[in-house]
Amino acid sequence: MSNETNATVKPKLEKRTYTVDEIAQILDISTHLAYDLVKSGQFAYVRTGRMIRISKPSFDKWLNP
């Protein structure tokens, strides 16, 4: 018997946040400008220590109103 038939397959979790680097790539802007945009408060983000995570639904709504 193969392990594939007995293994449980975990569903892939949908991404709920973006990093500042991902925002910069999506918008094709510099990381510095992406930080400025995040700090402008136009979409929701959380800071955990030194990490910033941008709410994907909030950013997507801002990007595609």
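Our structure is the block above this text.
Residues numbered from 1 in each chain as written. Predicted model: local features only at pLDDT ≥ 70, side-chain atom pairs only at ≥ 80, totals over all residues. Heavy atoms only, no water.

Student: Would you explain the packing of aromatic side chains in this entry?
Tutor: Aromatic rings considered in pairs are described by the distance between their centres and by the relative angle of their planes. This model, assessed by the stated rule, comprises 4 aromatic pairs. With centroids separated by 5.2 Å and ring planes inclined at 85°, the aromatic side chains of Phe43 and Phe59 adopt a geometry described as edge-to-face. Within this pair, whereas Phe43 is found in the loop between helix 3 (31-39) and strand 2 (45-48), its partner Phe59 is found in helix 4 (residues 56-63), the two being separated by 16 residues in sequence. Residue Phe43 is classed as buried on the basis of its relative accessible area, which comes to 4%. Taking the relative accessible area as the measure of exposure, Phe59 reaches 0% and is therefore buried. Seen from their ring centres, Phe59 and Trp62 are 5.6 Å apart, and the 35° between their planes marks the pair as tilted. A residue pair is termed a helical-turn pair when its members lie 3 or 4 positions apart in one helix, as Phe59 and Trp62 do in helix 4 at 3 residues. Three or more aromatic residues link up through ring pairs in this structure, and these residues are Tyr18, Phe43, Phe59 and Trp62. (Phe/Tyr/Trp six-rings, centres within 6.5 Å; stacked < 30°, edge-to-face > 60°. Helix = DSSP H or I, 4+ residues; strand = E, 2+ residues; numbered from the N terminus. Buried < 20%, exposed > 50% of the residue type's maximum accessible area, 1.4 Å probe, protein only.)

Read these as spatial facts, not as claims about activity.
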